[in-house]
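Given next are the chains, with one letter for each unit.
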Amino acid sequence: MPCTVVVGGNFGDEGKGKVIAYLANKDKPNIIARGGVGPNAGHTVYLDGKKYGLRQLPCGFVYQNARLLIGPGVLIDPNVVLDEISLTKTEGRVGIDYNCAIIEDKHIKEDQASEHLKNKIGSTGTGCGPANVDRINRTVKLAKEIPELEPYHTDVPLEVNLALGDEKYVFIENSQGFGLSLYHGTYPYCTSKDVSASSAAADVGIGPTKVDEVILIFKSFPTRVGEGPFKNALTAEESKERGIEEFGTVTGRPRRSGLPDWDMMKRAVMINGATQIGITCIDYFDRSYAGTKNFDDLTNQMKSFVKEVEDKLTVPVTLISTGPDTDHIIDLRDEKIAEKRE
Ligand code: GTP
Ligand code: IMP
Ligand code: MG
């Protein structure tokens, strides 16, 4: 399908980066465009055994022929994005929209010094909230004013819409997850904008009628980092016993783990208009199954979890991630999409 949006269904860190890296290698899109908030995100991806924790660039960079774009809705920290471009050696194929808003040192300082943001909300301290406030006040600087970004300046909405007009293949890689949405999440314990599929499309400048598929990613055992309500959370001891402890990509903070919250997942399906579901970290049920690539090889417990997701959410589970490596995945898209058409 020409335009696919990938979004998170829990509280972020579902493993969107890994799923997108797989899809990029497999489907070979012409463009991968980042939506979402900004460098508060940390998307983990492995390439040639090296781990990357990308905050601004699309994880789809692993597919060498894709153009990598950052839409005007996304905040840019020039230091972070320039470092990532050189780290990933992607100089020739990155485009940053003229109208991306810029995070300055003052925003980072304000985020980190704010009792409300840093302590009550548990922000990532990356300046995203204060920069979005300035954007709303219409005082923020835009990427077009920053000479260091000049080599990358482009009109992202135009590039993406021209590509779609030519039947080219575009991925939109969003960040964060449903429970962190400013509109639909656990306010005030959320991020500084909506992070649903409609906003992801708006972030890169395409209309809702142009989106063909919305892949919503859920983690088998959801995690939450920062403050805020977390239904069905496990205690730190329970997570440790299950061997599913995690730490934040950006902040290194421990992530709380939990069991699925079906009501929230149903709402995430509804509000994102999900057409497919991806489940990550299925190996958390049994680590000895990490890396499995065939559905038939999964344990009965894992298979019944997948069935429960499909029965409760009535959307096909097309991708099942079984480990952190890019190719640790069970891809059921051909089979499930054919089934859906019947
Ligand atoms: P945000 O945009 O920050 O929400 O991030 P994200 O959705 O890209 O996820 P992130 O990389 O922050 O966290 C996911 C973690 O799980 C990373 O450490 C991944 O390497 C790891 N991971 C992803 N998929 C799997 C999986 O199927 N199994 C296991 N064991 N780990 C996985
Ligand atoms: P902020 O977006 O830095 O203001 O942080 C607000 C809340 O969103 C905090 O609870 C953060 O931990 C959480 N958050 C923001 N971005 C991410 C992300 O990419 N993954 C997980 N949590 C996030
Ligand atoms: Mg993350």
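Criteria and cut-off values
- Residues numbered from 1 in each chain as written.
- Chains lettered and ligands numbered in written order.
- Predicted model: local features only at pLDDT ≥ 70, side-chain atom pairs only at ≥ 80, totals over all residues.
- Heavy atoms only, no water.
- Patch = residues over 30% accessible without salt bridge, like charges linked within 9 Å, V, L, I, M, F, W, Y side chains within 5 Å.
- Areas by Shrake-Rupley, 256 points an atom, 1.4 Å probe, with all protein chains shown as cover.
- Salt bridge = Lys/Arg side-chain N within 4 Å of Asp/Glu carboxyl O.
- Helix = DSSP H or I, 4+ residues; strand = E, 2+ residues; numbered from the N terminus.
- Donors = N, O, S within 2.8 Å, 3.2 Å for Na, K, Ca; no water.
- Near = heavy atom within 4 Å.
- Polar contact = N/O pair within 3.5 Å; in protein donor to acceptor, adjacent residues only side chain to side chain.
- Pairing = 2+ DSSP bridges.
- Phe/Tyr/Trp six-rings, centres within 6.5 Å; stacked < 30°, edge-to-face > 60°.
- Buried < 20%, exposed > 50% of the residue type's maximum accessible area, 1.4 Å probe, protein only.

1. Section: a nonpolar patch on the surface
- Taken together, Leu182, Tyr183 and Tyr187 make up a surface patch of nonpolar side chains, about 390 Å² in accessible area.
- Within the secondary structure layout, Leu182 lies in the loop between strand S8 (170-173) and helix H7 (197-204).

2. A short note on the coordination of the magnesium ion (ligand 3)
- Only Asp13 (OD) and Gly42 (O) from the protein reach the magnesium ion (ligand 3) as donors, at distances of 2.0 to 2.2 Å. Of this pair, Asp13 sits in the loop between strand S1 (3-8) and helix H1 (16-27) while Gly42 sits in the loop between strand S2 (31-34) and strand S3 (43-47); the two residues are 29 residues apart in sequence, bridging distant segments of the chain.

3. So, the site of ligand 1
- The full set close to ligand 1 counts 24 residues, and Asp13, Gly42, His43, Thr44 and Ser321 are the nearest of them.
- Arg255 has a polar side-chain atom sitting 3.0 Å from an oxygen atom of ligand 1.
- Within the side chain of Ser321, one N or O atom sits 2.5 Å away from an oxygen atom of ligand 1.
- With the chains in place, 93% of the 670 Å² that ligand 1 exposes on its own is no longer accessible.

4. Some remarks on the sheet that holds strand S11 (residues 246-247)
- Spatially, three strands are ordered S10-S12-S11 in an open sheet, and the strand pairing comes out antiparallel. Both outer strands of the open sheet, strand S10 (223-224) and S11, are each paired with one neighbouring strand and no more.
- Examined bridge by bridge, S11 and strand S12 (residues 254-257) share two bridges and lie antiparallel to one another. Bridge assignment links Phe247 to a residue of S12, and that residue is Pro254.

5. A word on the packing of aromatic side chains
- Applying the stated criterion across every chain yields a total of seven aromatic pairs.
- Between Phe221 and Tyr284, the aromatic rings sit 6.5 Å apart at their centres with planes inclined by 35 degrees, giving tilted as the arrangement. One end of the pair, Phe221, is in the loop between strand S9 (213-219) and S10; the other, Tyr284, is in the loop between strand S13 (276-280) and helix H10 (300-313), and 63 residues separate them in sequence. Taken as a pair, Phe221 and Tyr284 share a single burial class, namely buried.
- Between the aromatic rings of Phe285 and Phe305, the centroid separation amounts to 5.3 Å while the plane-to-plane angle is 55 degrees, which identifies the pairing as tilted. Of this pair, Phe285 sits in the loop between S13 and H10 while Phe305 sits in helix H10, and the two are 20 residues apart along the sequence.
- Judged by relative accessible area, Phe285 falls into the partly exposed class, the value being 22%.
- In this structure an aromatic cluster arises from ring pairing among Phe221, Trp262, Tyr284, Phe285 and Phe305.

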